Amino acid sequence: MEKLLGRNVMLHILLGLCLLTLSEVESLGINYGQVGNNLPPPEKVLELLRSLRVMKARIYDTNPLILTSFANSNVELIVTVENDMLASLMDQNYAFQWVYTNIRPYFPATRITGIAVGNELFTGGDTTLLSYLVPAMMSIHAALVRLGLDQFITISTPNSLAVLQESFPPSAGCFRAELNGILPQFLQFLAATKAPFWINAYPYFAYKDDPSNVSLDYVLFNPNLGMTDPNTKLRYDNMLYAQVDAAIFALSRMGYGEIEVAVAETGWPSRGDSSEIGATLENAAIYNRNLFQRQSENEGTPLRPKIKLEIYVFALFNEDLKPGLTSERNYGLFQPDGTMAYSVGLPSLSESTSATISLTSDSNYQVKQRRYESLLYVTFLHLLVFQVLTRRQS
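Residues numbered from 1 in each chain as written. Predicted model: local features only at pLDDT ≥ 70, side-chain atom pairs only at ≥ 80, totals over all residues. Heavy atoms only, no water.

**As for the sheet that holds strand β6 (residues 158-160)**
Note the threshold: Here a strand pair is declared whenever DSSP counts at least two bridges between the two strands. Counting from the N terminus, the helices are the DSSP runs of H or I reaching at least four residues and the strands are the DSSP runs of E reaching at least two. Convention adopted: a line fitted to C-alpha atoms gives each axis, helices being fitted over their contacting stretch, and angles between N-to-C directions are expressed from 0 to 180 degrees.
Within the open sheet, the nine strands sit side by side as β5-β4-β3-β2-β1-β13-β12-β9-β6. Their pairing is parallel. Two strands lie at the open edges of the sheet, namely β5 (154-156) and β6, each paired on one side alone. When the angles between neighbouring strand axes are averaged without regard to direction, this sheet yields 25 degrees. In terms of strand pairing, strand β1 (residues 28-31) meets strand β2 (residues 56-58) through two bridges, oriented parallel. Bridging from a neighbouring strand, N31 pairs with R58 of β2.

Now the structure itself:
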């Protein structure tokens, strides 16, 4: 019994140290899309992320090359289940096999922290596919529980901001009435598993659709008069924070105000068709530069000022094979050859647009990273040992 208690104390010490280290991780991530025929290999992408000091990324699949390349890198990774897989993943045996094949072999060396199940399903118009969502999420979660991974990996799904019926002012935020049947089950799952409600929020679209009435400075985070919510008296100096708070109010109206809201995608295109007003290199640089500055200050929204808002910028690269308007292929911070599409003032790279992919030589950073990786791995092993010992004692 004394040995068991000793191990328990050691476990809590290690967990405490791990949590202290985790608190230093910035709340900024980048979406790493792969819809291109000229993108660099994953190991070069990892070098780029390291040089940027951005240690969170999201991919749109479970590409084994990326998962392998990101091992022992300290980059937190969100992986994605494609929409067409949801029907199969409702089956618990299939879901277990999926997790066992696509997640378990890489964890904990690859820091998988989240699984995005589908994308923008609530506004996709396919009610059959939507009906698969929560059962698939529950099956994946059950698989994580069986493998002892549920305490490390959360499950959610990114939602278009069109999921809201009202978003202005933020205090009026509410979900579309036709979703009231499926939303409670989904939100109950998020609350029970302490997973975030992810939104894809693009102030660019609001400006493009109504440039005469939407202030460009307001959507770009530039100095502006802002707006004050007449019901809460909270002042907003940018649209993104207002959109996030509208989602929080919508959750509160459903009885789930405690759920975290995080931004799975936001960005601004550097090029567009003639009809895409505002899609310019200058606006893209300003939006992302101001956004990065806000994130470096660990800001929260006016409604939750003391809670850091987690944001994933879209996207790392311009992707030449994406269909649709010109803007779809021009959201990247970087060109596929590693040169900046525009400067966003990242401190570890040259301000020159000719900056290329390089791994910054920083011995202090590398030592800190190795210590972190060792701590995370040891903590994970102790958790597993503690679980085994506890089961034997019961």
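**Some thoughts on the side chain of Q295**
Applied cut-off: Each residue gets one of three labels from its accessible area relative to the maximum for its type: buried under 20%, exposed over 50%, partly exposed in between, using a 1.4 Å probe on protein chains only. Two residues form a contact once any of their heavy atoms are found within 4.5 Å.
As for its position among the elements, Q295 is in helix α11 (residues 281-296). Under the relative-accessibility criterion, Q295 is labelled buried at 2%. Excluding residues within four positions of it along the chain, Q295 makes contact with E26, S27, L28, L309 and I311.

**Here's the deal with the pairing of strand β9 (residues 197-200)**
Of the two faces of β9, the one lined by F197 and I199 and the one lined by W198 and N200 are each fully buried. As defined by bridge partners, β6 adjoins β9 across three bridges and the pair is classed as parallel. For P158, the partnering residue across the bridge sits in β9 and is W198. Relative to strand β12 (residues 261-266), β9 is paired through four bridges, and the arrangement is parallel. In the sheet register, N200 faces β12, and the bridge partner there is E265.

**Re empty space enclosed by the protein**
Applicable threshold: A cavity, in this analysis, means grid points on a 1 Å lattice covering only the protein atoms where a 1.4 Å probe fits yet has no way out; a pocket is instead an open set bounded by protein on both sides within 12 Å along at least five of seven lines, and a residue lines either one if it has an atom within 4 Å of a point. Grid points are joined across faces, edges and corners, and a volume is the space filled by probe spheres set on the points. Just so you know the grouping, Ala, Val, Leu, Ile, Met, Phe, Trp, Tyr, Cys and Pro go in nonpolar, Asp, Glu, Lys and Arg go in charged, and all remaining residues, Gly too, go in polar.
Taken as a whole and assessed by the stated rule, the structure comprises one cavity of 30 Å³ or more. If you add up the space inside the largest cavity, you get close to 80 Å³. What lines the largest cavity is V244, I248, E260, V261, G300, T301, R304, I307, K308, L309 and E310. Broken down by class, the residue content of the lining of the largest cavity amounts to five nonpolar, two polar and four charged.

**Points about helix α10 (residues 239-253)**
Counted only if it meets this: Expected helix span is given by 1.5 Å per residue-to-residue step, counting one fewer step than there are residues. Side-chain atoms alone can form a polar contact between residues adjacent in sequence; in general such a contact is a pair of N or O atoms within 3.5 Å, and within protein one must be able to donate a hydrogen while the other accepts it.
Its 15 residues place the ends of α10 21 Å apart at the C-alpha level, agreeing with the 21 Å of an ideal helix rising 1.5 Å per residue. Buried residues dominate α10, accounting for 13 of its 15 residues. The residue sitting at the N-terminus of α10 and contributing the capping side-chain oxygen is N238; that oxygen lies 3.2 Å from the backbone nitrogen of L240. Taken from the residues just after α10, G255 is the one with a positive phi, measuring 90 degrees.

**A closer look at the nonpolar core**
How we decide: Residues belong to one nonpolar core when they are buried, are Ala, Val, Leu, Ile, Met, Phe, Trp, Tyr or Cys, and are joined through side-chain atoms within 4.5 Å.
Among the nonpolar cores identified, the biggest contains 108 residues, and I115, F186, L187 and F197 are the most heavily contacted of them. Here this core gets ten residues from one element, more than from any other, and that element is α10. In this structure, I78, A116, A264 and Y312 belong to the second largest nonpolar core, which totals six residues.

**Overview of the packing of helix α5 (residues 92-102) against helix α6 (residues 127-146)**
So the rule is basically this: For classification purposes, angles smaller than 35 degrees are called roughly parallel, those larger than 145 roughly antiparallel, those between 65 and 115 roughly perpendicular, and all remaining angles oblique. Crossings are classed by handedness, with left-handed meaning an anticlockwise turn of the near helix from the far one by less than a right angle and right-handed meaning a clockwise turn.
Look at α5 against α6: their axes get within 8 Å of each other, and the N-to-C directions meet at 60 degrees. By the angle between their directions, the pair α5 and α6 is classed as oblique. In this structure, α5 meets α6 at a crossing whose hand is right-handed. Across from Q92, A95, F96 and V99 in α5, the residues of α6 making contact are S139, I140, A142, A143, L144 and R146.

**Focus: α11**
Between its first and last C-alpha atoms α11 spans 22 Å; for 16 residues at 1.5 Å apiece the expected length is 22 Å, and the two agree. Where α11 terminates, the next one or two residues include N298, which has phi positive at roughly 55 degrees.

**Some remarks on the environment of V145**
Mapped onto the secondary structure, V145 falls in helix α6. Measuring from C-alpha to C-alpha, the distance between V145 and F96 comes to 9.8 Å, with 49 residues separating the pair along the chain.

**Some points on the side chain of T157**
Relative to the assigned elements, T157 resides in the loop between β5 and β6. At 2.7 Å, the side chain of T157 forms a polar contact with the backbone oxygen of V117. Apart from the residues within four sequence positions on either side, T157 is in contact with V117, G118, N119, L121, F122, L133, F186 and W198.

**A word on the packing of α6 against helix α7 (residues 183-193)**
Two numbers describe how α6 lies on α7: the axes approach to 9 Å, and their chain directions differ by 20 degrees. Here α6 is positioned roughly parallel relative to α7, judged by the angle of their axes. Considering the relative orientation of α6 and α7, their crossing is left-handed. Each of L133, V134, M137, M138 and H141 in α6 lies in contact with α7, whose residues at this interface are Q185, F186, F189, L190 and T193.

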